[in-house]
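# Close look at the chain arrangement
For reference, the chains in residue letters:
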Number of protein chains: 2
Amino acid sequence: MNGGVDTAPAPGAVRPPPDALSLNTATVKLKWNLAQMIDGCARHGVRGIAPWRDKLAELGAAEAARRIRAAGLTVTGLCRGGMFPAADAAARRAALDDNRRAIDDAATLGAQCLVLVVGGLPAGSRDLAGAREQVREGIAAVLPDARAAGVPLAIEPLHPMYAADRACVNTLAQALDLCDALDPGGAGVHPRRAIDGGAWAPAAALGVAVDVYHVWWDPALDAQVARAGAARLHAFHVCDWLVPTRDLLEDRGMMGDGVIDLRRLRGLVEAAGYRGHHECEIFSSRDWWQRDPDEVLGVMKSRHAACC
Amino acid sequence: MNGGVDTAPAPGAVRPPPDALSLNTATVKLKWNLAQMIDGCARHGVRGIAPWRDKLAELGAAEAARRIRAAGLTVTGLCRGGMFPAADAAARRAALDDNRRAIDDAATLGAQCLVLVVGGLPAGSRDLAGAREQVREGIAAVLPDARAAGVPLAIEPLHPMYAADRACVNTLAQALDLCDALDPGGAGVHPRRAIDGGAWAPAAALGVAVDVYHVWWDPALDAQVARAGAARLHAFHVCDWLVPTRDLLEDRGMMGDGVIDLRRLRGLVEAAGYRGHHECEIFSSRDWWQRDPDEVLGVMKSRHAACC
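Source: prediction; values computed, not measured.

Quick notes on the rules
- Residues numbered from 1 in each chain as written.
- Chains lettered and ligands numbered in written order.
- Predicted model: local features only at pLDDT ≥ 70, side-chain atom pairs only at ≥ 80, totals over all residues.
- Heavy atoms only, no water.
- Least-squares fit on C-alpha atoms with pLDDT ≥ 70 in both.
- Contact = heavy atoms within 4.5 Å.
- Axes fitted to C-alpha atoms, helices over the stretch in contact; angles between N-to-C directions.
- Helix = DSSP H or I, 4+ residues; strand = E, 2+ residues; numbered from the N terminus.
- Parallel < 35°, antiparallel > 145°, perpendicular 65-115°, else oblique.
- Left-handed = near helix turned anticlockwise from the far one by under 90°.
- Phe/Tyr/Trp six-rings, centres within 6.5 Å; stacked < 30°, edge-to-face > 60°.
- Lys NZ or Arg CZ within 6 Å of the ring centre and 35° of its normal.
- Buried area = accessible area lost by both parts, 1.4 Å probe.
- Salt bridge = Lys/Arg side-chain N within 4 Å of Asp/Glu carboxyl O.
- Polar contact = N/O pair within 3.5 Å; in protein donor to acceptor, adjacent residues only side chain to side chain.
- Nonpolar A, V, L, I, M, F, W, Y, C, P; charged D, E, K, R; others polar.

## Structural notes on the relation of the copies chain B and chain A
When chain B is fitted to chain A, the residual RMSD is 0.0 Å, and the transformation amounts to a turn of 180 degrees plus an axial shift of 0.0 Å. The two molecules are tied by a two-fold rotation axis, judged by turn and shift. When the interface residues of chain B are mapped onto chain A, 100% of them again lie at the interface, so the same face is used by both copies.

## A short note on the packing of helix α1 (residues 34-44) of chain B against helix α10 (residues 293-307) of chain B
Residues and elements named next belong to chain B. At their nearest, the axes of α1 and α10 sit 11 Å apart, and the two run at 45 degrees to each other. When the axis of α1 is compared with that of α10, the two are oblique. Handedness of the crossing formed by α1 with α10: right-handed. Counted together, G40, C41, R43 and H44 of α1 and D294, L297, G298 and K301 of α10 form the full contact between these two elements.

## Thoughts on the packing of aromatic side chains
Working definition: an aromatic ring pair is given by the centre-to-centre distance plus the angle between the planes. Residues and elements named next belong to chain A. Evaluated as defined, the whole model comprises 13 aromatic pairs over all chains. Aromatic ring contacts, followed pair by pair, group W52, F283 and W289 into a single cluster. Taking the ring centre of W200 as reference, the NZ or CZ of R192 above it sits at 3.8 Å.

## Here we look at the interface of chain B and chain A
Contacts between the two partners involve 28 residues from chain B, matched on the other side by 28 residues from chain A. Buried surface at the junction of chain B and chain A, both sides included, amounts to about 2,200 Å², of which 69% is carbon and sulfur. Sorting the residues of chain B by area buried against chain A places R126, W217 and L248 of chain B first, and these three jointly supply 27% of that buried surface. Summed over the shared surface of chain B and chain A, the number is 0 salt bridges. At the junction of chain B and chain A, the tally comes to 6 residue pairs in polar contact (both at pLDDT 80 or more). Across the side of chain B that touches chain A, the residue classes tally to 14 nonpolar, 8 polar and 6 charged.

Structure (C-alpha cells):
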C-alpha cells in the first residue's frame, strides 16, 4: 500500500528473530541438568540461557560459565536473588549474604542481570508495608556490591497472587518507584549487545525484568513500560496465561496456549528500547515438565516464532 | 497515657460493632437456601445480608424482599450484575438486558448497591483493551436505568488473577477512573443509613465495592480508598487470603486465618467516610462450604469481632 521509506513495520508487528529466544532453565527443570540444558540449547539453535541457582549449583558457576561460553550462549539472566524480608535481623543478614553470592555467580557467568524475586511476608506477619520497606532496605544494601561486580539488578514484579509468599513487589510502577528511589536518574552503565548486533542502550545498575505472566493484566502496563525505558529494561520473559489456571504456581502455559497478546507486549518493550532476548520461563508441573525436553524446546521455538 | 479529649481511637483501632456484620450468601451457598439464610441471620444476630441472584431466584425477588424486611435485615448488596464483554452484539445486548433485570431486583430488595463483576475476555479473545472498552460501554448503557431505579452501581475490582475469565477491572484506580468518566463529580444521590445510626454520606450513582481479597496487595490501595471517598464507597467485603492458596476461585479464608490486615483495611474505608456493613463473602469448596452453616455463622461472628 505504502511504497515510501516509512514502511518499516512497527515494533512487534513482525515475527521475532529466532536468535532472540532464550531458555530459562525452569522450563525443563525436572528432566534435564544444566549440562544437558546447555547442550540442548546448542542442538536446537537456542542462543540464550537463564539458569536458576539450583541448576547452577550442579556444575558450579565457573564450570557452568565455561560450558555456556563454549556453546556460544548469552546468559540472559541469573535466577534469582531477592527474598529480603525476614522475621529477624539474623535472617535478614543471611539473605543479604545470599544475594552477594548470587551477584558473584552472575558476574562469573557474565549474566545480563541478576533477577530479584524480592520476597513476601515473613512467616506470621500481616505487615505488608513493613515487608516492602525491608525489600527497599535489602536492595539498597546489595546495590553497591552489584555495581562493583558489574551486575545489573532486575527487580521482577510478580503477579499479585504471589504477594504473600513470593514477592511483595507486584506492579511495574512499584518496581520502578524503587528504581527511582535507589538508583536516581537510572543512567545506563553496563554495556549490552543487542540481539540483532545493533545498538542497545547500556543497562542501569537497577532495572526491571518484565515477565508477561506477571504484568499482562495491568491497566498501567503500557505507560509503565514506556516509563522504564531502555536503560531499566533488563529482561523480557514469555509464557502464557491459561484459562482456566489450575494452580497458582505451576500451571503456566506455552506461548500461544493462553490469552496474553504476546506480540503486542513485545512491541511495548521494543518501543521502549529493549533489544534483548525473549526468555521462555514456564512452570508447568502437569504438562510441560512431564514432556521430553527436546520436544519442549522444539515447541518453544515454533511458538516463539508464531506467537511472540 | 492521654486523658484529654483527643483520646478517641483512630478509625479501625477498635472492635467493630456486631451490627456491622453482613452475610454474603456465597459463604453458605452449598447447604442453605435463601429462606434458611434469612432465618439463620436472624437467629445469629447478623443484621445484613447480600444475596446472589441464584439464591434470589429460589424465592423470587418480591417474596425474598418481604422475608428480608420481616427479619429486619439490611440488604448490603445484590450480587451480581456485570459480565459485559461478549464476542458478538447479540450477546452484548443480552448482557445489558440481564443487568437491567438485576437492577430491578436490587430495587425490589432495597439493596444498598448492585455489585458489578464486569466480565473478562470474550472466548477466544486476547484483546484486553477491547474488553475493557466493552465494560465501559456496558456500564454507560445501564447507568441511566440504575439512576432511574434508585440503585447505586458498585464496580468491584477483582484480583488480577481473574482478569481473563471474570473481571478485567483489576484495581481500585481503574474502577475509579471508570466512575470519574461515567459519573463525573460523583455526587452522592442515594440516601443511606449508617450502621451506628449516625450520618453517612449519600451514595453516588456509580461507585465501588472494596473486597479485601481482591485489593489487599495493591501498593496504591491507601491512596485509592481515600480517592474513592464516602460517596463512592458502596460496599466493604471481608474474608482472608490463605497461604498457601490451593485454588484460584474457591479457597478463600475465614477472617483471621490468612495474611490480610483486616483491621487496618477497615480503618482505611472508615477514614474515607464509609459507615456501612462488613460483608463476609467466602468461596471455600473444601472447607467452609462443607461445614454446618450454623457453625460457619458462629465462627464468622466471632472472627468479625476479633479480626475486623
